[in-house]
Amino acid sequence: MGTRLKLIFWTFVSILAFLKLGVASNIGICYGRNADNLPSPNKVSELIQHLNIKFVRIYDANIDVLKALANTNIELMIGVPNADLLAFAQFQSNVDTWLRNNILPYYPTTKITSISVGLEVTEAPDNATGLVLPAMQNIHTALKKAGLDKKIKISSSHSLAILSRSFPPSSATFSKKHSAFLKPMLEFLVENESPFMIDLYPYYAYRDSAEKVQLEYALFESSSQVVDPATGLLYSNMFDAQLDAVYFALTAMNFKTVKVMVTESGWPSKGSPKETAATPDNALAYNTNLIRHVIGDPGTPAKPGEEIDVYLFSLFNENRKPGMESERNWGMFYANGTSVYALDFTGESAVPGPVSPTNTTTGVSPNPGDKSNSTVTIGGGGGAKKWCVASSRASVTELQSALDWACGPGNVDCSAVQPNQPCFEPDTVLSHASYAFNTYYQQSGGSSLDCSFGGVSVEVDKDPSYGNCLYMIAPSTDGMNRTMAGNITGNITAIDSPLASPSTSNEGIRQMVVSVDVSVLLPCFVVSLSLLW
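Residues numbered from 1 in each chain as written. Predicted model: local features only at pLDDT ≥ 70, side-chain atom pairs only at ≥ 80, totals over all residues. Heavy atoms only, no water.

The protein chain goes by glucan endo-1,3-beta-D-glucosidase in an unreviewed UniProt entry, where it is assigned to Brassica napus. Recorded in UniProt under Catalytic activity (unreviewed entry), the annotation for the protein chain is "Hydrolysis of (1->3)-beta-D-glucosidic linkages in (1->3)-beta-D-glucans." As its UniProt record puts it under Sequence similarities (unreviewed entry), the protein chain is described as follows: "Belongs to the glycosyl hydrolase 17 family." (UniProt positions renumbered as here; feature names shortened; annotations may be inferred.)

Listed below in C-alpha coordinates is the structure:
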(Lines give C-alpha, C1' and ligand atoms only; values in the text may rest on other atoms or scores of the structure.)
Protein backbone atom coordinates (compact mmCIF):
# COMPACT_ATOMS: atom_id res chain seq x y z
CA MET A 1 0.00 0.00 0.00
CA GLY A 2 2.84 2.41 0.86
CA THR A 3 4.45 1.91 -2.55
CA ARG A 4 1.13 2.46 -4.31
CA LEU A 5 0.48 5.66 -2.41
CA LYS A 6 3.92 6.97 -3.31
CA LEU A 7 3.30 6.19 -6.97
CA ILE A 8 -0.08 7.92 -6.82
CA PHE A 9 1.51 10.94 -5.16
CA TRP A 10 4.27 11.32 -7.73
CA THR A 11 1.87 10.74 -10.62
CA PHE A 12 -0.28 13.58 -9.31
CA VAL A 13 2.76 15.82 -8.78
CA SER A 14 3.85 15.14 -12.37
CA ILE A 15 0.44 16.12 -13.68
CA LEU A 16 0.47 19.35 -11.68
CA ALA A 17 3.95 20.16 -12.97
CA PHE A 18 2.78 19.59 -16.54
CA LEU A 19 -0.23 21.82 -15.98
CA LYS A 20 2.02 24.56 -14.66
CA LEU A 21 4.22 24.33 -17.73
CA GLY A 22 1.11 24.65 -19.89
CA VAL A 23 0.18 28.05 -18.43
CA ALA A 24 0.53 30.76 -21.05
CA SER A 25 2.75 33.80 -20.70
CA ASN A 26 1.36 37.25 -19.92
CA ILE A 27 1.37 40.53 -21.83
CA GLY A 28 1.25 43.77 -19.86
CA ILE A 29 1.56 47.46 -20.61
CA CYS A 30 3.81 50.20 -19.21
CA TYR A 31 1.87 53.27 -18.15
CA GLY A 32 4.39 56.11 -18.05
CA ARG A 33 3.13 59.61 -17.29
CA ASN A 34 6.00 61.92 -18.27
CA ALA A 35 3.74 63.92 -20.57
CA ASP A 36 1.43 66.92 -20.69
CA ASN A 37 -2.37 66.66 -20.91
CA LEU A 38 -2.67 62.92 -20.40
CA PRO A 39 -6.16 61.53 -19.74
CA SER A 40 -7.09 61.26 -16.09
CA PRO A 41 -6.16 58.01 -14.33
CA ASN A 42 -9.86 57.08 -14.27
CA LYS A 43 -10.08 57.48 -18.06
CA VAL A 44 -6.87 55.50 -18.49
CA SER A 45 -8.26 52.75 -16.29
CA GLU A 46 -11.34 52.56 -18.54
CA LEU A 47 -9.11 52.41 -21.61
CA ILE A 48 -6.94 49.63 -20.18
CA GLN A 49 -10.02 47.60 -19.29
CA HIS A 50 -11.54 48.05 -22.75
CA LEU A 51 -8.27 46.82 -24.24
CA ASN A 52 -8.62 43.80 -21.93
CA ILE A 53 -5.12 44.33 -20.51
CA LYS A 54 -4.67 42.49 -17.22
CA PHE A 55 -1.14 43.56 -16.26
CA VAL A 56 0.10 47.16 -15.83
CA ARG A 57 3.38 48.70 -14.80
CA ILE A 58 3.74 52.21 -13.38
CA TYR A 59 6.96 53.86 -12.28
CA ASP A 60 5.95 55.14 -8.87
CA ALA A 61 3.10 54.61 -6.41
CA ASN A 62 0.83 57.45 -7.53
CA ILE A 63 -2.27 57.44 -5.34
CA ASP A 64 -4.63 58.60 -8.10
CA VAL A 65 -3.53 55.70 -10.30
CA LEU A 66 -3.86 53.22 -7.44
CA LYS A 67 -7.40 54.45 -6.80
CA ALA A 68 -8.31 54.31 -10.49
CA LEU A 69 -7.23 50.67 -10.79
CA ALA A 70 -9.13 49.56 -7.70
CA ASN A 71 -11.65 46.73 -8.18
CA THR A 72 -10.45 46.06 -11.74
CA ASN A 73 -8.52 42.83 -10.99
CA ILE A 74 -5.62 44.32 -12.98
CA GLU A 75 -2.29 43.13 -11.60
CA LEU A 76 -0.15 46.19 -10.93
CA MET A 77 3.61 46.60 -10.73
CA ILE A 78 4.57 49.79 -8.93
CA GLY A 79 7.99 51.43 -8.87
CA VAL A 80 10.40 53.17 -6.55
CA PRO A 81 12.08 55.98 -8.55
CA ASN A 82 15.85 56.31 -8.47
CA ALA A 83 15.48 59.63 -6.64
CA ASP A 84 13.90 57.80 -3.69
CA LEU A 85 16.50 55.06 -3.35
CA LEU A 86 18.65 56.93 -0.82
CA ALA A 87 15.74 57.51 1.55
CA PHE A 88 14.57 53.91 1.17
CA ALA A 89 18.06 52.50 1.72
CA GLN A 90 18.99 54.69 4.69
CA PHE A 91 16.12 54.28 7.12
CA GLN A 92 13.58 51.52 7.68
CA SER A 93 11.18 54.11 9.07
CA ASN A 94 11.03 55.87 5.68
CA VAL A 95 9.90 52.65 4.01
CA ASP A 96 7.44 51.84 6.79
CA THR A 97 5.83 55.26 6.36
CA TRP A 98 5.72 54.88 2.58
CA LEU A 99 4.06 51.48 2.85
CA ARG A 100 1.57 52.76 5.41
CA ASN A 101 0.60 55.79 3.30
CA ASN A 102 0.94 54.56 -0.29
CA ILE A 103 0.25 50.83 -0.30
CA LEU A 104 -1.76 49.55 2.64
CA PRO A 105 -4.76 51.89 2.19
CA TYR A 106 -5.28 50.58 -1.36
CA TYR A 107 -4.32 46.92 -1.07
CA PRO A 108 -5.83 44.45 -1.92
CA THR A 109 -8.62 46.47 -3.61
CA THR A 110 -5.89 47.52 -6.01
CA LYS A 111 -4.09 44.31 -6.90
CA ILE A 112 -0.45 45.27 -6.35
CA THR A 113 1.67 42.22 -7.15
CA SER A 114 5.23 43.52 -7.49
CA ILE A 115 7.54 46.44 -6.74
CA SER A 116 10.39 47.43 -9.03
CA VAL A 117 13.05 49.18 -6.99
CA GLY A 118 15.00 51.63 -9.12
CA LEU A 119 15.02 51.97 -12.90
CA GLU A 120 18.06 50.76 -14.87
CA VAL A 121 20.32 51.98 -12.09
CA THR A 122 23.51 50.74 -13.75
CA GLU A 123 22.92 53.26 -16.54
CA ALA A 124 21.90 56.13 -14.27
CA PRO A 125 24.38 59.01 -14.03
CA ASP A 126 24.30 59.07 -10.21
CA ASN A 127 25.50 55.44 -9.84
CA ALA A 128 22.90 54.37 -7.29
CA THR A 129 23.63 50.63 -7.57
CA GLY A 130 24.82 50.45 -3.97
CA LEU A 131 21.43 51.67 -2.76
CA VAL A 132 19.24 49.13 -4.55
CA LEU A 133 19.69 46.04 -2.39
CA PRO A 134 19.39 47.89 0.96
CA ALA A 135 16.21 49.53 -0.34
CA MET A 136 14.86 46.15 -1.46
CA GLN A 137 15.67 44.61 1.93
CA ASN A 138 13.93 47.44 3.79
CA ILE A 139 10.86 47.09 1.58
CA HIS A 140 10.82 43.35 2.24
CA THR A 141 11.01 43.97 5.98
CA ALA A 142 8.10 46.41 5.79
CA LEU A 143 6.04 43.97 3.72
CA LYS A 144 6.82 41.17 6.16
CA LYS A 145 5.54 43.24 9.07
CA ALA A 146 2.30 43.72 7.12
CA GLY A 147 2.09 40.04 6.18
CA LEU A 148 2.53 40.81 2.48
CA ASP A 149 6.04 39.52 1.82
CA LYS A 150 4.70 36.38 0.12
CA LYS A 151 2.12 38.28 -1.93
CA ILE A 152 4.11 41.18 -3.35
CA LYS A 153 7.38 40.43 -5.15
CA ILE A 154 10.37 42.78 -5.01
CA SER A 155 12.95 43.21 -7.78
CA SER A 156 14.72 45.86 -9.87
CA SER A 157 14.60 46.43 -13.63
CA HIS A 158 17.80 46.58 -15.68
CA SER A 159 18.99 47.63 -19.11
CA LEU A 160 20.56 45.05 -21.42
CA ALA A 161 23.71 47.17 -21.13
CA ILE A 162 24.27 45.39 -17.81
CA LEU A 163 25.81 42.63 -19.96
CA SER A 164 29.40 42.99 -21.08
CA ARG A 165 28.44 41.20 -24.31
CA SER A 166 25.20 39.76 -25.63
CA PHE A 167 26.23 37.90 -28.80
CA PRO A 168 26.49 35.09 -29.34
CA PRO A 169 23.94 34.49 -26.57
CA SER A 170 25.82 31.53 -25.10
CA SER A 171 28.86 33.70 -24.40
CA ALA A 172 26.92 36.47 -22.67
CA THR A 173 28.14 37.58 -19.27
CA PHE A 174 27.33 40.37 -16.88
CA SER A 175 29.74 43.27 -16.78
CA LYS A 176 32.41 42.66 -14.15
CA LYS A 177 31.99 46.18 -12.81
CA HIS A 178 28.49 45.23 -11.69
CA SER A 179 29.29 41.84 -10.16
CA ALA A 180 29.58 43.16 -6.59
CA PHE A 181 26.10 44.66 -6.94
CA LEU A 182 24.51 41.76 -8.84
CA LYS A 183 25.51 38.71 -6.83
CA PRO A 184 23.89 39.68 -3.50
CA MET A 185 20.85 41.05 -5.35
CA LEU A 186 20.39 37.77 -7.23
CA GLU A 187 20.72 35.89 -3.94
CA PHE A 188 17.89 38.08 -2.60
CA LEU A 189 15.77 37.21 -5.67
CA VAL A 190 16.35 33.49 -5.19
CA GLU A 191 15.54 33.64 -1.49
CA ASN A 192 12.27 35.48 -2.13
CA GLU A 193 11.35 33.75 -5.43
CA SER A 194 11.32 37.06 -7.28
CA PRO A 195 12.10 37.50 -11.00
CA PHE A 196 15.12 39.15 -12.56
CA MET A 197 13.72 42.13 -14.47
CA ILE A 198 15.21 43.18 -17.81
CA ASP A 199 14.29 45.76 -20.46
CA LEU A 200 14.85 44.46 -24.01
CA TYR A 201 14.88 46.72 -27.08
CA PRO A 202 15.81 45.16 -30.44
CA TYR A 203 15.08 48.60 -31.92
CA TYR A 204 18.23 50.08 -30.42
CA ALA A 205 20.35 47.19 -31.68
CA TYR A 206 19.02 47.75 -35.19
CA ARG A 207 19.25 51.54 -35.05
CA ASP A 208 22.86 51.53 -33.84
CA SER A 209 24.04 48.66 -36.10
CA ALA A 210 21.79 48.79 -39.17
CA GLU A 211 24.67 47.64 -41.36
CA LYS A 212 24.93 44.40 -39.36
CA VAL A 213 21.34 43.75 -38.25
CA GLN A 214 18.47 43.15 -40.64
CA LEU A 215 15.27 45.05 -39.92
CA GLU A 216 13.22 41.90 -40.48
CA TYR A 217 15.29 40.10 -37.83
CA ALA A 218 14.49 42.84 -35.31
CA LEU A 219 10.76 42.76 -36.20
CA PHE A 220 10.27 38.97 -35.90
CA GLU A 221 9.88 38.76 -39.68
CA SER A 222 13.16 37.27 -40.85
CA SER A 223 13.11 34.39 -43.33
CA SER A 224 16.63 33.37 -42.30
CA GLN A 225 18.21 32.42 -38.99
CA VAL A 226 21.29 33.41 -37.04
CA VAL A 227 23.30 30.59 -35.51
CA ASP A 228 25.06 30.60 -32.17
CA PRO A 229 28.36 28.89 -33.14
CA ALA A 230 28.99 27.52 -29.64
CA THR A 231 25.60 25.85 -29.13
CA GLY A 232 24.24 25.49 -32.66
CA LEU A 233 21.01 27.18 -31.53
CA LEU A 234 19.18 28.99 -34.33
CA TYR A 235 17.63 32.44 -33.82
CA SER A 236 14.95 33.85 -36.12
CA ASN A 237 14.53 37.10 -34.16
CA MET A 238 16.62 39.39 -32.01
CA PHE A 239 14.28 39.39 -29.01
CA ASP A 240 14.95 35.69 -28.39
CA ALA A 241 18.68 36.20 -28.83
CA GLN A 242 18.70 39.02 -26.28
CA LEU A 243 16.57 37.06 -23.83
CA ASP A 244 18.76 33.96 -24.13
CA ALA A 245 21.80 36.15 -23.55
CA VAL A 246 20.29 37.05 -20.17
CA TYR A 247 19.58 33.38 -19.41
CA PHE A 248 23.17 32.39 -20.25
CA ALA A 249 24.60 35.29 -18.21
CA LEU A 250 22.55 34.20 -15.19
CA THR A 251 23.73 30.61 -15.67
CA ALA A 252 27.34 31.78 -15.80
CA MET A 253 26.84 33.28 -12.32
CA ASN A 254 25.20 30.05 -11.06
CA PHE A 255 21.70 31.55 -10.95
CA LYS A 256 20.16 29.32 -13.58
CA THR A 257 16.84 28.92 -11.76
CA VAL A 258 15.99 32.63 -11.49
CA LYS A 259 12.88 33.48 -13.50
CA VAL A 260 13.25 36.35 -15.98
CA MET A 261 10.61 39.01 -16.60
CA VAL A 262 10.81 41.48 -19.50
CA THR A 263 9.62 44.71 -17.94
CA GLU A 264 9.91 46.83 -21.10
CA SER A 265 9.97 46.13 -24.82
CA GLY A 266 8.60 48.06 -27.75
CA TRP A 267 9.27 50.08 -30.89
CA PRO A 268 8.92 53.83 -31.53
CA SER A 269 6.51 55.17 -34.14
CA LYS A 270 8.49 58.34 -34.88
CA GLY A 271 12.10 59.42 -34.67
CA SER A 272 14.68 61.92 -35.81
CA PRO A 273 15.64 62.02 -39.53
CA LYS A 274 18.34 59.42 -38.87
CA GLU A 275 15.90 57.07 -37.13
CA THR A 276 14.33 55.87 -40.34
CA ALA A 277 12.93 52.64 -38.90
CA ALA A 278 10.84 54.49 -36.31
CA THR A 279 7.47 54.34 -38.11
CA PRO A 280 3.91 53.42 -37.09
CA ASP A 281 3.98 50.37 -39.37
CA ASN A 282 7.16 49.02 -37.82
CA ALA A 283 5.91 49.74 -34.29
CA LEU A 284 2.68 47.89 -35.09
CA ALA A 285 4.58 44.98 -36.65
CA TYR A 286 7.01 44.61 -33.74
CA ASN A 287 4.43 44.77 -30.99
CA THR A 288 1.95 42.50 -32.78
CA ASN A 289 4.62 39.90 -33.52
CA LEU A 290 5.93 40.12 -29.96
CA ILE A 291 2.44 39.50 -28.57
CA ARG A 292 1.97 36.54 -30.91
CA HIS A 293 5.32 35.08 -29.94
CA VAL A 294 4.80 35.45 -26.20
CA ILE A 295 1.23 34.12 -26.18
CA GLY A 296 1.28 31.55 -28.97
CA ASP A 297 4.88 30.35 -29.17
CA PRO A 298 6.50 30.92 -25.78
CA GLY A 299 10.09 30.24 -24.98
CA THR A 300 13.42 30.74 -26.72
CA PRO A 301 15.85 28.41 -28.51
CA ALA A 302 17.70 27.87 -25.23
CA LYS A 303 14.50 27.54 -23.17
CA PRO A 304 11.69 26.30 -25.42
CA GLY A 305 8.27 26.56 -23.84
CA GLU A 306 9.56 28.76 -21.02
CA GLU A 307 6.85 31.03 -19.65
CA ILE A 308 7.84 34.69 -19.97
CA ASP A 309 5.92 37.79 -18.92
CA VAL A 310 6.45 40.87 -21.11
CA TYR A 311 5.38 44.48 -20.58
CA LEU A 312 4.96 46.52 -23.76
CA PHE A 313 6.40 50.01 -23.71
CA SER A 314 4.37 52.14 -23.71
CA LEU A 315 0.71 53.10 -23.39
CA PHE A 316 1.20 56.81 -24.23
CA ASN A 317 3.68 59.00 -26.05
CA GLU A 318 5.51 61.06 -23.43
CA ASN A 319 6.41 64.50 -24.75
CA ARG A 320 8.45 65.57 -21.71
CA LYS A 321 11.06 62.83 -22.02
CA PRO A 322 14.54 64.07 -22.98
CA GLY A 323 16.75 62.67 -25.71
CA MET A 324 16.22 61.89 -29.37
CA GLU A 325 12.81 62.27 -31.01
CA SER A 326 12.07 58.57 -30.67
CA GLU A 327 12.23 58.82 -26.87
CA ARG A 328 8.95 60.74 -26.94
CA ASN A 329 7.18 58.41 -29.36
CA TRP A 330 7.01 54.89 -27.93
CA GLY A 331 3.31 55.07 -27.12
CA MET A 332 0.38 53.26 -28.71
CA PHE A 333 -1.74 56.31 -27.91
CA TYR A 334 -1.22 60.03 -28.15
CA ALA A 335 -1.64 62.05 -24.97
CA ASN A 336 -5.16 63.03 -26.07
CA GLY A 337 -6.21 59.37 -26.07
CA THR A 338 -6.28 58.76 -29.82
CA SER A 339 -4.40 55.83 -31.36
CA VAL A 340 -0.97 56.12 -32.89
CA TYR A 341 -1.71 52.76 -34.50
CA ALA A 342 -4.31 50.07 -33.85
CA LEU A 343 -2.67 47.30 -31.87
CA ASP A 344 -4.63 44.10 -31.34
CA PHE A 345 -3.60 42.78 -27.92
CA THR A 346 -4.78 39.31 -28.90
CA GLY A 347 -2.15 39.25 -31.67
CA GLU A 348 -4.70 38.03 -34.22
CA SER A 349 -4.79 40.97 -36.66
CA ALA A 350 -2.82 40.95 -39.91
CA VAL A 351 0.55 42.68 -39.68
CA PRO A 352 2.05 45.08 -42.22
CA GLY A 353 5.45 44.26 -43.64
CA PRO A 354 8.49 46.09 -42.32
CA VAL A 355 8.97 49.65 -43.54
CA SER A 356 12.64 49.91 -44.42
CA PRO A 357 14.60 53.17 -44.75
CA THR A 358 14.02 53.06 -48.51
CA ASN A 359 10.22 52.98 -48.42
CA THR A 360 9.19 55.19 -45.54
CA THR A 361 7.80 58.05 -47.59
CA THR A 362 4.15 57.03 -47.68
CA GLY A 363 3.79 55.38 -44.30
CA VAL A 364 0.83 53.43 -45.71
CA SER A 365 0.70 49.68 -45.59
CA PRO A 366 -0.94 47.79 -48.45
CA ASN A 367 -2.05 45.13 -46.00
CA PRO A 368 -5.86 45.18 -45.68
CA GLY A 369 -5.56 43.93 -42.13
CA ASP A 370 -3.66 47.02 -41.01
CA LYS A 371 -6.36 49.05 -39.30
CA SER A 372 -4.16 52.10 -38.98
CA ASN A 373 -4.20 52.95 -42.67
CA SER A 374 -7.41 51.56 -44.20
CA THR A 375 -8.95 54.19 -46.46
CA VAL A 376 -12.51 55.47 -46.31
CA THR A 377 -14.74 57.96 -48.02
CA ILE A 378 -16.58 60.64 -46.08
CA GLY A 379 -20.23 61.20 -46.90
CA GLY A 380 -20.16 58.64 -49.69
CA GLY A 381 -19.01 55.23 -50.88
CA GLY A 382 -20.34 52.22 -52.74
CA GLY A 383 -22.71 49.51 -51.59
CA ALA A 384 -25.41 49.69 -48.92
CA LYS A 385 -24.80 52.75 -46.76
CA LYS A 386 -25.76 53.20 -43.14
CA TRP A 387 -24.96 55.70 -40.45
CA CYS A 388 -25.31 55.65 -36.67
CA VAL A 389 -26.87 58.67 -34.95
CA ALA A 390 -28.14 59.58 -31.50
CA SER A 391 -31.75 58.75 -30.71
CA SER A 392 -33.98 61.78 -30.17
CA ARG A 393 -35.82 59.76 -27.51
CA ALA A 394 -32.72 59.43 -25.29
CA SER A 395 -32.24 61.79 -22.36
CA VAL A 396 -29.50 64.41 -22.40
CA THR A 397 -27.84 62.66 -19.44
CA GLU A 398 -27.74 59.32 -21.24
CA LEU A 399 -26.41 60.92 -24.43
CA GLN A 400 -23.76 62.89 -22.57
CA SER A 401 -22.54 59.73 -20.83
CA ALA A 402 -22.30 57.85 -24.13
CA LEU A 403 -20.66 60.87 -25.80
CA ASP A 404 -18.03 61.04 -23.06
CA TRP A 405 -17.27 57.35 -23.59
CA ALA A 406 -16.99 57.70 -27.37
CA CYS A 407 -14.65 60.71 -27.15
CA GLY A 408 -12.61 59.10 -24.35
CA PRO A 409 -12.13 55.33 -24.06
CA GLY A 410 -14.00 54.85 -27.35
CA ASN A 411 -11.05 56.57 -29.01
CA VAL A 412 -13.09 58.83 -31.33
CA ASP A 413 -11.53 62.06 -32.57
CA CYS A 414 -14.16 64.58 -31.46
CA SER A 415 -12.30 67.69 -32.56
CA ALA A 416 -14.90 68.32 -35.29
CA VAL A 417 -17.55 69.13 -32.64
CA GLN A 418 -15.36 71.65 -30.81
CA PRO A 419 -16.00 75.43 -31.08
CA ASN A 420 -15.19 76.95 -34.48
CA GLN A 421 -15.11 73.50 -36.07
CA PRO A 422 -17.49 72.35 -38.86
CA CYS A 423 -19.74 70.15 -36.68
CA PHE A 424 -19.96 72.36 -33.58
CA GLU A 425 -23.28 73.90 -34.63
CA PRO A 426 -25.94 73.13 -33.60
CA ASP A 427 -24.34 73.15 -30.15
CA THR A 428 -26.45 70.35 -28.69
CA VAL A 429 -25.58 67.06 -27.05
CA LEU A 430 -27.84 65.29 -29.56
CA SER A 431 -25.92 66.68 -32.55
CA HIS A 432 -22.46 66.16 -31.08
CA ALA A 433 -23.33 62.64 -29.95
CA SER A 434 -24.60 61.77 -33.44
CA TYR A 435 -21.27 62.74 -35.00
CA ALA A 436 -19.25 60.84 -32.37
CA PHE A 437 -21.49 57.74 -32.51
CA ASN A 438 -21.25 57.53 -36.27
CA THR A 439 -17.49 57.96 -36.25
CA TYR A 440 -17.10 55.11 -33.78
CA TYR A 441 -19.62 53.01 -35.74
CA GLN A 442 -17.82 53.43 -39.06
CA GLN A 443 -14.28 52.96 -37.79
CA SER A 444 -15.27 49.85 -35.83
CA GLY A 445 -16.76 48.02 -38.79
CA GLY A 446 -20.28 49.35 -39.19
CA SER A 447 -22.14 46.44 -37.59
CA SER A 448 -25.36 46.90 -35.62
CA LEU A 449 -23.47 45.99 -32.45
CA ASP A 450 -21.18 48.98 -33.00
CA CYS A 451 -24.26 51.23 -32.88
CA SER A 452 -25.55 50.09 -29.52
CA PHE A 453 -24.33 52.71 -27.00
CA GLY A 454 -26.69 51.33 -24.38
CA GLY A 455 -29.78 51.88 -26.52
CA VAL A 456 -29.36 55.64 -27.10
CA SER A 457 -28.46 55.39 -30.80
CA VAL A 458 -30.05 54.16 -34.02
CA GLU A 459 -28.93 53.13 -37.51
CA VAL A 460 -30.21 55.24 -40.41
CA ASP A 461 -29.88 54.96 -44.18
CA LYS A 462 -29.97 58.71 -44.87
CA ASP A 463 -26.71 60.65 -44.82
CA PRO A 464 -26.85 62.99 -41.77
CA SER A 465 -24.13 65.27 -43.19
CA TYR A 466 -24.99 68.98 -43.38
CA GLY A 467 -23.14 72.03 -44.64
CA ASN A 468 -19.43 71.52 -44.04
CA CYS A 469 -20.07 68.83 -41.42
CA LEU A 470 -19.48 65.59 -43.27
CA TYR A 471 -20.28 62.29 -41.60
CA MET A 472 -17.87 59.56 -42.59
CA ILE A 473 -18.89 56.23 -44.07
CA ALA A 474 -16.63 53.28 -44.73
CA PRO A 475 -16.83 51.68 -48.18
CA SER A 476 -18.34 48.21 -48.46
CA THR A 477 -15.72 45.54 -47.83
CA ASP A 478 -17.79 42.35 -47.95
CA GLY A 479 -17.72 41.83 -44.22
CA MET A 480 -14.09 42.87 -43.64
CA ASN A 481 -13.24 45.34 -40.90
CA ARG A 482 -13.55 48.97 -41.91
CA THR A 483 -11.71 51.77 -40.17
CA MET A 484 -10.94 55.42 -40.62
CA ALA A 485 -7.74 56.59 -42.23
CA GLY A 486 -5.28 58.15 -39.83
CA ASN A 487 -4.59 61.03 -42.22
CA ILE A 488 -8.26 61.94 -42.23
CA THR A 489 -9.14 61.77 -38.57
CA GLY A 490 -5.91 61.14 -36.69
CA ASN A 491 -7.88 58.59 -34.70
CA ILE A 492 -7.61 54.83 -35.10
CA THR A 493 -9.66 52.66 -32.79
CA ALA A 494 -8.15 49.89 -30.72
CA ILE A 495 -11.25 49.26 -28.67
CA ASP A 496 -14.14 46.89 -29.22
CA SER A 497 -17.80 47.89 -29.21
CA PRO A 498 -19.00 49.12 -25.80
CA LEU A 499 -21.12 45.99 -25.44
CA ALA A 500 -18.85 43.48 -27.11
CA SER A 501 -16.34 41.31 -25.31
CA PRO A 502 -13.01 40.52 -27.01
CA SER A 503 -13.23 37.18 -28.76
CA THR A 504 -10.05 36.00 -27.10
CA SER A 505 -7.78 37.19 -24.34
CA ASN A 506 -4.71 36.11 -22.47
CA GLU A 507 -6.97 34.76 -19.73
CA GLY A 508 -9.09 32.87 -22.24
CA ILE A 509 -6.03 31.29 -23.79
CA ARG A 510 -4.72 30.29 -20.36
CA GLN A 511 -8.03 28.72 -19.48
CA MET A 512 -8.10 26.88 -22.79
CA VAL A 513 -4.59 25.52 -22.26
CA VAL A 514 -5.36 24.36 -18.75
CA SER A 515 -8.69 22.83 -19.78
CA VAL A 516 -7.01 20.92 -22.59
CA ASP A 517 -4.30 19.73 -20.22
CA VAL A 518 -6.89 18.56 -17.71
CA SER A 519 -9.02 16.82 -20.33
CA VAL A 520 -5.99 14.96 -21.64
CA LEU A 521 -4.25 14.18 -18.37
CA LEU A 522 -7.12 13.45 -16.01
CA PRO A 523 -8.12 10.22 -17.79
CA CYS A 524 -4.46 9.19 -17.69
CA PHE A 525 -4.41 9.84 -13.96
CA VAL A 526 -7.57 7.79 -13.45
CA VAL A 527 -6.11 4.94 -15.52
CA SER A 528 -2.91 5.14 -13.45
CA LEU A 529 -4.92 4.83 -10.25
CA SER A 530 -6.84 1.84 -11.53
CA LEU A 531 -3.63 0.10 -12.54
CA LEU A 532 -1.98 0.83 -9.20
CA TRP A 533 -4.89 -0.50 -7.22
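Once you've had a look at it, read on.
**A few points about the confidence of the model for the protein chain**
A residue-level look at the protein chain finds 77% of positions with pLDDT of 70 or above and a mean pLDDT of 80. Within the model, the stretch residues 355-383 combines pLDDT values under 50 with 73 contacts to residues more than four positions away or in other chains. Within the model, the stretch residues 476-533 combines pLDDT values under 50 with 128 contacts to residues more than four positions away or in other chains. (pLDDT = per-residue confidence, 0-100. Contact = heavy atoms within 4.5 Å.)

**Comments concerning the nonpolar core**
If you look at the biggest cluster of nonpolar residues, it comprises 110 residues, and the most contacted ones within it are Ile 78, Trp 98, Phe 196 and Phe 345. Per-element accounting of this core gives the leading share, 9 residues, to helix α10 (residues 238-252). Not counting chain neighbours up to four residues away, the residues in contact with Trp 98 comprise Ala 61, Ile 78, Val 80, Phe 88, Ile 103 and Ile 115. Counting 26 residues, the second largest nonpolar core, distinct from the first, contains Trp 387, Val 417, Ala 433 and Cys 469. (Core = buried A, V, L, I, M, F, W, Y, C linked by side-chain atoms within 4.5 Å. Buried < 20%, exposed > 50% of the residue type's maximum accessible area, 1.4 Å probe, protein only. Helix = DSSP H or I, 4+ residues; strand = E, 2+ residues; numbered from the N terminus.)

**A look at unusual backbone geometry**
Between Phe 167 and the following residue, Pro 168, the backbone shows a cis peptide bond with an omega angle of -5°. When you line up the elements, Pro 168 lands in the loop between β6 (163-165) and β7 (173-174). With an omega of -5°, the peptide bond between Glu 425 and Pro 426 qualifies as cis. On the secondary structure map, Pro 426 appears in the loop between α12 (396-407) and α13 (429-443). If you check the backbone angles, Asn 37 has positive phi at about 60° while not being a glycine. Note that Asn 37 resides in the loop between β1 (27-30) and α2 (41-50). One non-glycine residue, Asn 411, adopts positive backbone phi at about 70°. With respect to the secondary-structure elements, Asn 411 resides in the loop between α12 and α13.

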